[in-house]
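Okay, here's what each chain looks like letter by letter:
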Protein chains: 2
Amino acid sequence: MNLNEGGARLRTGLTPEPVIVSATTADIRFPTSRFLDGSDAMNPDPDYSAAYVTLSADGLEGHGLAFTLGRGTDLVVAAIEALLPQVIGRSLDGIENDLAGFWRSLVGDSQYRWLGPEKGIIHLATAAIVNAVWDMLARRAGKPLWRYLADMPPEQVVSAIDFRHIADALPPELALDLLNRNLADKPARIARLEAEGHAAYTTSAGWLGYDDDKIRDLAGKAIADGWSAIKMKVGGNLADDIRRCAVLREVLGPDRLLMIDANQVWDVDQAIDWVKALADYNPYWIEEPISPDDILGHGRIRQAVAPIRVATGEHCHNRVMFKQFLQADAIDVVQVDACRLGGVNEVLSVLLLAAAFDKPVCPHAGGVGLCEYVQHISFFDAAAVASSAEGRMIEHAGHLHEHFIDPIRIRAGRYLAPELPGYSVEMKPASRAEYAFPNGSTWQS
Amino acid sequence: MNLNEGGARLRTGLTPEPVIVSATTADIRFPTSRFLDGSDAMNPDPDYSAAYVTLSADGLEGHGLAFTLGRGTDLVVAAIEALLPQVIGRSLDGIENDLAGFWRSLVGDSQYRWLGPEKGIIHLATAAIVNAVWDMLARRAGKPLWRYLADMPPEQVVSAIDFRHIADALPPELALDLLNRNLADKPARIARLEAEGHAAYTTSAGWLGYDDDKIRDLAGKAIADGWSAIKMKVGGNLADDIRRCAVLREVLGPDRLLMIDANQVWDVDQAIDWVKALADYNPYWIEEPISPDDILGHGRIRQAVAPIRVATGEHCHNRVMFKQFLQADAIDVVQVDACRLGGVNEVLSVLLLAAAFDKPVCPHAGGVGLCEYVQHISFFDAAAVASSAEGRMIEHAGHLHEHFIDPIRIRAGRYLAPELPGYSVEMKPASRAEYAFPNGSTWQS
């Protein structure tokens with residue numbers, strides 16, 4: 001099954017098979033609450049943070065993180081440390097030859113499984129480790145993760161997916177069919193993505209803690225920079241939301257997209273009323289109107305507010321939940337998160353579920369490292385999975401990218417294709433030191 | 001709102017208002033995997049464990065625990081310690097006068113909330129603390145928890161519930177109506193419960209790791225002891241399950257109840273086929289056939305295997321999920337767990353949701369401390385919430401009760417009403433010392 005170049009070279013016997021021999025973890029927190037960056041109706045004062053892990057294997061490194069909001073990052077780090085024995089000592093060839101088996105070994109430990117299953121802290125920790133392993137695999141192959149995935153034969157992509165509990169909606173044969181459907185077009189799609197990048201929207205203008213003048217100013221700058229879609233936080237106070245929507249719609253003009261995001265603060269009927277009260281400003285989608293677990297509630301809202309789309313996913317904790325959102329026709333936009341789901345393997349299953357129901361994937365980003373992660377998801381989706389580019393956009397938020405060795409690159413409101421090998425979330429050592437919690441210089445001052 | 005006797009006494013000013021001043025935690029693990037007690041298709045070798053917390057307030061103590069399976073108990077203990085600052089320094093009167101506000105302050109910290117929300121490790125930790133607080137409130141009132149709850153006026157019970165995200169199915173007015181419906185009958189119900197106890201079933205005979213002879217022997221003894229309903233684990237191997245069902249049905253005779261429990265190992269279609277293959281043995285319910293998150297899948301199975309009932313809940317992580325299982329008519333039996341849900345407050349909301357849809361609640365027990373906990377839930381349900389006693393049973397498993405100061409009492413297959421003040425999960429100090437992980441004598445030997 002291992003058909004990529006790097007893997008083949010390593011199995012010739014000329015070099016020893018790389019084995020994951022050690023790992024380090026870190027609790028890294030940025031004091032974003034000091035400026036209300038990232039503030040929304042549910043999260044008034046997040047400190048964007050990362051439970052960070054570095055795996056080492058004979059000269060190769062793999063970096064992964066789970067995005068968090070400050071307090072509790074230590075709990076995710078502790079969970080990563082608890083799960084690390086599952087990967088230490090494993091060979092990369094062994095992992096690459098049984099990608100789903102590797103994933104299942106991490107989520108399947110029956111004693112740890114009780115603590116989820118496949119949700120919450122233990123799943124965030126799983127994601128950090130799984131993503132670090134994929135980062136390492138892509139680096140070994142000398143490719144950015146999205147190209148490493150796009151260059152895999154469909155059979156190998158399918159071999160990475162755990163079909164347990166989703167086979168009723170996505171049997172392996174269907175997953176394979178969906179990938180084969182785009183096989184002939186894949187080289188042209190890749191060439192186009194490398195030439196033109198990928199569509200995106202920005203959240204940076206509309207945090208709830210920003211006042212009207214700051215929103216107007218940031219939105220104007222965003223448009224000048226080439227953005228044609230902007231997301232705004234709502235759900236604090238209806239009069240404020242109406243005023244802020246009016247400001248943004250005025251700046252955007254009639255044709256650019258305005259998305260709104262309530263971060264779960266409403267109940268179902270309240271959501272319907274509130275969104276209808278904002279309908280005059282023509283929102284493209286309403287995001288997270290209610291509890292992220294409420295599949296049936298999203299379906300009711302979708303029926304009531306159409307043609308306004310319903311989007312959710314940043315708190316959608318596993319493939320079984322996404323399966324149901326799709327089966328129930330409860331959402332229009334699938335907002336996968338790179339580390340809320342259990343890492344690349346589970347993201348692949350959700351990309352294919354979305355394709356099976358032909359719903360667009362617009363990954364959640366915005367936190368620290370999430371833009372770096374999810375660009376790979378969308379580029380792979382566009383190259384090998386999605387039926388078309390229609391309605392597919394990558395979220396963008398403009399802060400904290402300076403801490404990454406291979407940060408995102410934006411041109412005229414589009415993501416450029418990542419080019420360096422790996423999954424792009426390796427943080428600069430100096431940043432990791434400065435923002436380490438509680439002993440880094442930022443937290444000591 | 002605080003109308004119970006103890007509370008009234010303490011607000012006279014004769015004694016100072018009790019304040020939670022300190023807390024201790026413990027990681028307690030029983031080596032149950034050595035004998036395959038508790039083994040099932042998903043959990044071959046659990047070590048029944050508890051993340052344990054003791055709160056202290058001026059001479060009063062409150063004990064709470066979250067049940068776990070061994071590895072990872074330390075992560076739940078760490079999460080408890082992270083949340084403890086939310087309760088240290090609070091007065092019991094302040095809590096009792098704003099029970100929902102107290103609960104929401106624990107689940108609503110926006111930085112910790114990201115780690116769930118309301119699921120996984122952070123929610124297990126919430127449950128342990130919340131239950132310890134209720135234990136303390138009931139002790140202060142001098143009543144077993146179920147009587148403390150049953151003696152509350154309906155308005156006060158409703159004041160303990162966070163209706164956010166469930167108001168579409170259970171508005172506060174409906175919750176109050178449901179409680180008022182039984183108000184006149186409540187004294188007679190309480191008298192009957194104190195005289196006759198509560199119906200139950202036992203899981204002790206049918207763990208997956210037990211061989212046929214052991215099952216036959218244990219089931220025979222259970223019947224001799226007065227049990228009329230027995231649950232068996234299935235899902236390992238169909239031929240084995242058929243043979244074991246035959247053994248149990250033979251011992252049970254045609255009229256006693258046989259329940260089967262697959263612990264999530266199947267996919268939807270597989271579950272339907274497997275249960276149909278066991279239908280000849282007339283199982284009363286199939287429990288956890290598939291992923292505990294798969295509401296729609298349970299609904300499909302329920303349609304296909306009727307009249308065999310579908311039961312789930314031990315991994316149902318919050319009220320929003322139970323709401324949907326009920327809205328979708330996807331289950332017949334509501335198996336609330338005392339510490340998978342976020343403690344007493346959230347359990348109350350699910351009891352009322354179940355009553356709103358008139359589905360029986362049969363709480364999950366079986367682990368360590370769960371029988372002690374859930375007897376209070378069922379006795380309160382029977383006293384004040386449920387429409388009738390029909391189909392309501394408390395799970396029973398016969399091990400580890402010797403470690404509790406106020407263990408369950410079973411007579412002829414029924415639970416006797418708990419009588420000592422509190423929530424019954426205070427573990428003997430000697431047991432806590434002996435099974436402390438990793439330094440207790442059991443783990444040092």
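Residues numbered from 1 in each chain as written. Chains lettered and ligands numbered in written order. Predicted model: local features only at pLDDT ≥ 70, side-chain atom pairs only at ≥ 80, totals over all residues. Heavy atoms only, no water.

Description of the overall build of chain A
Here is step 1: Assigned secondary structure in chain A consists of 19 helices and 12 strands.
Here is step 2: Radius of gyration (C-alpha) of chain A: 21 Å, near the 22 Å computed for a compact globule of 445 residues.
Here is step 3: If one aligns the C-alpha atoms of chain A with their principal axes, the spans along those axes are about 65 × 55 × 45 Å.
Here is step 4: Counting every position in chain A, which comprises 445 residues, the buried fraction comes to 65%.
Here is step 5: Sequence-distant contacts, at least 24 apart, represent 75% of the contacts inside chain A between residues at least 6 apart.
Here is step 6: Just so you have it, chain A exposes about 13,800 Å², and 52% of that area is on carbon and sulfur atoms. (Helix = DSSP H or I, 4+ residues; strand = E, 2+ residues; numbered from the N terminus. Rg over C-alpha atoms; globule rule 2.2 N^0.38 Å. Buried < 20%, exposed > 50% of the residue type's maximum accessible area, 1.4 Å probe, protein only. Contact = heavy atoms within 4.5 Å. Areas by Shrake-Rupley, 256 points an atom, 1.4 Å probe, with all protein chains shown as cover.)

Quick word on the sheet that holds strand β2 (residues 49-57) of chain B
Hydrogen bonds along the backbone pair up the strands of a sheet, which may run parallel or antiparallel.
All names here are of chain B.
Here is step 1: The strand order β1-β2-β3 describes an open sheet built from three strands, whose pairing is antiparallel. Only two strands of the sheet have a single neighbouring strand rather than two, namely β1 (22-29) and β3 (60-68). Shown here is a sheet whose adjacent strand axes are inclined to one another by a mean of 15°, direction ignored.
Here is step 2: Sheet topology note: the β1/β2 ladder contains eight bridges and is antiparallel. Across the sheet, the residue bridging to Asp 27 is Ala 51, located in β2. (Pairing = 2+ DSSP bridges. Axes fitted to C-alpha atoms, helices over the stretch in contact; angles between N-to-C directions.)

Considering the interface of chain A and chain B
Here is step 1: Contact residues are listed per partner, giving 63 residues for chain A and 63 residues for chain B.
Here is step 2: Taking both partners together, chain A and chain B bury about 5,100 Å²; carbon and sulfur atoms supply 55% of that area.
Here is step 3: Contact with chain B buries area across many residues of chain A, yet A:Arg71, A:Gln111 and A:Trp114 alone supply 18% of it, more than any other trio.
Here is step 4: At the junction of chain A with chain B, the criterion picks out seven salt bridges.
Here is step 5: Residue A:Arg71 pairs with B:Asp109 through a salt bridge whose shortest N-O separation is 3.1 Å.
Here is step 6: Grouping the amino acids of the side of chain A that touches chain B by side-chain chemistry returns 30 nonpolar, 17 polar and 16 charged. (Buried area = accessible area lost by both parts, 1.4 Å probe. Salt bridge = Lys/Arg side-chain N within 4 Å of Asp/Glu carboxyl O. Nonpolar A, V, L, I, M, F, W, Y, C, P; charged D, E, K, R; others polar.)

Structural notes on the pattern of salt bridges
Here is step 1: Tallied over the entire structure, the rule returns 65 salt bridges over all chains.
Here is step 2: Its salt-bridge partner being A:Arg300, residue A:Asp269 comes within 2.7 Å of it at the nearest N-O pair. You can see A:Asp269 sitting in helix α13 (residues 268-277) and its partner A:Arg300 sitting in helix α14 (residues 295-305), a full 31 residues away along the chain.
Here is step 3: Residue A:Asp269 is classed as partly exposed on the basis of its relative accessible area of 39%.
Here is step 4: For A:Arg300, a relative accessible area of 39% gives the class partly exposed.
Here is step 5: Between B:Arg140 and B:Asp93 there is a salt bridge; the shortest N-O distance is 2.7 Å. With B:Arg140 in helix α6 (residues 120-141) and B:Asp93 in helix α3 (residues 92-96), the pair connects residues that are 47 residues apart, well separated along the chain.
Here is step 6: Where salt bridges share partners, they join A:Arg104, A:Glu118, A:Asp162, A:Arg319 and A:Glu346 into one cluster.

Notes on the relation of the copies chain A and chain B
The second copy of the chain is related to the first by a rotation about an axis and a shift along the axis.
Here is step 1: When chain A is fitted to chain B, the residual RMSD is 0.0 Å, and the transformation amounts to a turn of 180° plus an axial shift of 0.0 Å. Read as a symmetry element, the transformation amounts to a two-fold axis. Identified as the residue of chain A closest to the rotation axis by C-alpha distance is A:Gly120, at 2.2 Å.
Here is step 2: Mapped onto chain B, 100% of the interface residues of chain A again fall at the interface, so both copies present the same surface. (Least-squares fit on C-alpha atoms with pLDDT ≥ 70 in both.)

Considerations on the UniProt feature "domain: Mandelate racemase/muconate lactonizing enzyme C-terminal" (unreviewed entry) in chain A
Here is step 1: UniProt's entry tags residues 212-308 of chain A with the feature "domain: Mandelate racemase/muconate lactonizing enzyme C-terminal" (unreviewed entry), counted in the numbering of this structure.
Here is step 2: End-to-end, the C-alpha atoms of residues 212-308 of chain A are 24 Å apart, and along that stretch the chain is 51% helix and 13% strand. (UniProt positions renumbered as here; feature names shortened; annotations may be inferred.)

Topic: unusual backbone geometry
Glycine aside, a negative phi is what most residues show, and trans is what most peptide bonds show.
Here is step 1: The omega angle of the peptide bond from B:Gly116 to B:Pro117 is -15°, so this bond is cis rather than trans.
Here is step 2: For the bond running from B:Ala306 to B:Pro307, omega is 10°, close enough to zero to count as cis.
Here is step 3: Of note, A:Leu400 is a non-glycine position whose phi angle comes to about 75°, a positive value.
Here is step 4: Considering the arrangement of structural elements, one finds A:Leu400 in the loop between β10 (394-396) and β11 (410-411).

A few points about the environment of A:Leu257
Residues and elements named next belong to chain A.
Here is step 1: Positionally, Leu 257 belongs in strand β6 (residues 257-261).
Here is step 2: Spatially, the C-alpha atom of Leu 257 lies 13 Å from that of Ala 205, the residues being 52 residues apart in sequence.
Here is step 3: Contact partners of Leu 257, with chain neighbours within four places excluded, come to Ser 228, Ala 229, Ile 230, Leu 252, Tyr 284 and Met 393.

So, the environment of B:Leu296
Here is step 1: Secondary-structure assignment places B:Leu296 in helix α14 (residues 295-305).
Here is step 2: The exposure class assigned to B:Leu296 is partly exposed, which follows from its relative accessible area of 24%.
Here is step 3: The spatial distance from the C-alpha of B:Leu296 to the C-alpha of B:Phe35 is 36 Å, given a sequence separation of 261 residues.
Here is step 4: Leave out the neighbours within four places in its chain, and B:Leu296 touches A:Leu296, A:Gln324, A:Gln327 and A:Ala328.

Description of the domain arrangement of chain A
Residue and element names in this part refer to chain A.
Here is step 1: Split by domain assignment, chain A resolves into domain 1 (2-143) and domain 2 (173-433).
Here is step 2: Its C-alpha centre places domain 1 at a distance of 23 Å from the equivalent point of domain 2.
Here is step 3: Listed as interface residues are 42 residues of domain 1 and, on the opposing side, 43 residues of domain 2.
Here is step 4: Both faces combined, the contact of domain 1 with domain 2 buries some 3,300 Å², and carbon together with sulfur accounts for 63% of it.
Here is step 5: Applying the counting criterion to the domain 1 and domain 2 interface returns two salt bridges.
Here is step 6: Across the pair Arg 139 and Glu 426 runs a salt bridge whose closest N-O atoms are separated by 3.0 Å.
Here is step 7: At the boundary of domain 1 and domain 2, one finds 15 residue pairs in polar contact (both at pLDDT 80 or more).
Here is step 8: Elements with a minimum of two residues in the side of domain 1 that touches domain 2: β2 (49-57), β3 (60-68), α4 (99-107) and α6 (120-141).
Here is step 9: Looking at which element gives the most residues to the side of domain 1 that touches domain 2, the answer is α6, with 10 residues. (Domains from an automatic or database assignment. Polar contact = N/O pair within 3.5 Å; in protein donor to acceptor, adjacent residues only side chain to side chain.)

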